Amino acid sequence: MNLFASRDQGRGEAPLAARMRPRTLDEFVGQEHIVGPGRLLRRAIEADRLGSLIFYGPPGTGKTTLAKIIANTTSSRFVQLNAVTSGVAQIREVLTAAKEQRDFYSKKTIFFIDEIHRFNRSQQDALLPAVESGLVTLIGATTENPFFEVNSPLLSRSRLFRLESLKPQDIEKVLELAIADRERGLGLLGVELTSEAKQHLVQMAAGDARTALNALELAALTTEPQDGKRSITSQIAAESIQRKILQYDKTGDNHYDTVSAFIKSMRGSDPDAAVFWLAKMLQAGEDPRFIARRMVILAAEDVGLADPQALLVANSAAGAVEFVGMPEAQIPLAQAVIYLATAPKSNAAYLAINAANRDVERMGKAEVPIHLRDGSYKGAEKLGHGKGYLYPHDYPGHRVEQQYLPDSLVGRTYYQPSEEGYEARIRERIKKTPPTS
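Quick notes on the rules
Residues numbered from 1 in each chain as written. Predicted model: local features only at pLDDT ≥ 70, side-chain atom pairs only at ≥ 80, totals over all residues. Heavy atoms only, no water. Buried < 20%, exposed > 50% of the residue type's maximum accessible area, 1.4 Å probe, protein only. Helix = DSSP H or I, 4+ residues; strand = E, 2+ residues; numbered from the N terminus. Pairing = 2+ DSSP bridges. Phe/Tyr/Trp six-rings, centres within 6.5 Å; stacked < 30°, edge-to-face > 60°. Expected span 1.5 Å × (residues − 1). Arc of directions from axis to C-beta. Patch = residues over 30% accessible without salt bridge, like charges linked within 9 Å, V, L, I, M, F, W, Y side chains within 5 Å. Areas by Shrake-Rupley, 256 points an atom, 1.4 Å probe, with all protein chains shown as cover. Salt bridge = Lys/Arg side-chain N within 4 Å of Asp/Glu carboxyl O.

Okay, the pairing of strand S1 (residues 53–56) next. Here S1 shows no split at all, with Leu53 and Phe55 on one side and Ile54 and Tyr56 on the other all buried. Pairing of S1 with strand S4 (residues 136–142) involves four bridges; the strand directions are parallel. Note on S4: the bridge partner recorded for phenylalanine 55 is alanine 141. Where S1 meets strand S5 (residues 159–162), four bridges bridge the pair, whose relative direction is parallel. Each bridged residue has a counterpart across the sheet, and for tyrosine 56 the counterpart in S5 is arginine 162.

Within this structure, the stated rule accounts for four aromatic pairs. Relative to phenylalanine 161, the ring of phenylalanine 55 has its centre 6.4 Å away and its plane inclined at 55°; by these criteria the two rings are tilted. A residue pair is termed long-range when its members are at least 10 positions apart, and phenylalanine 55 in strand S1 and phenylalanine 161 in strand S5 qualify at 106 residues. Given a relative accessible area of 8%, phenylalanine 161 falls into the buried group.

Note on placement: glutamine 402 falls in the loop between helix H19 (348–363) and helix H20 (421–431). A residue is classified by how much of its surface remains accessible, and glutamine 402, at 13% relative accessible area, is buried.

Our next topic: the environment of proline 225. Within the fold, proline 225 resides in the loop between helix H12 (209–221) and strand S7 (230–232). For the pair formed by proline 225 and phenylalanine 147, sequence separation is 78 residues and the distance between their alpha carbons is 50 Å.

A few words on H19. Since the α-helix packs 3.6 residues into each turn, any two residues three or four apart lie on the same face. With 16 residues, H19 ought to run about 22 Å at 1.5 Å a step, and its terminal C-alpha atoms sit 22 Å apart, in line with that. Within H19, the full set of buried residues consists of Ala348, Ala352, Ala355 and Asp359. Viewed end-on, H19 has its buried residues packed into an arc of 70°, placing them on one side of the element. Among the exposed residues of H19, those pointing more than 90 degrees away from its buried face are Arg358, Val360 and Glu361.

The next subject is a nonpolar patch on the surface. Side chains of Phe147, Phe148, Phe323 and Val324 sit close together on the surface and give an oily, nonpolar patch of about 440 Å² of accessible area. Broken down by secondary-structure element, the contributors of at least two residues to the nonpolar patch are helix H8 (146–149) and helix H17 (309–324). By the secondary structure assignment, phenylalanine 148 is in helix H8. Accessibility expressed as a relative area gives 53% for phenylalanine 148, which makes it exposed.

This is how it looks when you write it as structure tokens:
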């Protein structure tokens, strides 16, 4: 080991993402909901009054960076381990040293464990007494859902902060800072990033600052300077991030056209086309939550009660997007898309609510029939509320013929079930005339 190697030299050899890691909260980009002005975590860091914390979120969103910022600002001793390469022996070493620091020097210890979900339950249990007694202040970082991957006793003694994927404007700011920074970034290389190249890097980074910076650095270092400038085009950006440029503007016509094709392919029962448009949107950086929302709507609007499971499948896919995250979430999304595309179709529920809405708007106030009104409160009986109501469970088939609509709408039909899938069974059932009083 060269003891005389300068820190600057070491930083220069580090990847751009490591060199540009924010050193203070003022340099930190994104996550305003937890570190914005006046927010709890920001106040705790600035006051150096931290309890145990768990940072949970996708890669490249700032979990380790926040821990490093705490290391730079706290008066406590800061120790870091990575759960991938550490075990119980390393944990005990840290805890032993923390006890010595506390007993002999009155020094607190902040213990940062990156990828804490990699510790098994016995390894996490080894931390519990030290966290509970206050021997160490734990900061854990994880990309996995802590409610499943972190022991409940440990989680209950920590405050959980969820970090979100960075917004496009946050990634843009990160890129601009790296291009301009002459000390830690690419400021001395004369990098010029075209707007198309920037947009491509932002979209393909999908909220991950590390991915964006790594691609930017590769593009800059492999581009020959011309007149002292390194001009990074969209083609160079695509090669650097290893993702082709797709003609897809998330705010333009192509966005709406692609979404339209996606919906119409599922509605038209073509699973192959639907999966293709799903893949195009995901590769172009479309928010998978937006896609999942459109699928939930289609499940109710176009499949409906022809297959009541369709809405459950779509909702499950939406939940998987939140729980699993990308890129793995594309699998449950694809499964749900195929299910919706191959399911029997009916828009009867959609037509029913639209027709009912029109009548509500046309009629304004519609009185509830007296026998359907609430008769449970004091004085209701004197008003006749509930009088004459027929309790369906007292009749064969648990159905009985009586007026349920307002007087002005008697005989009006909103729901007309199709003959597709499960809805055909509903159609047969409601065709049977229920008994009368």
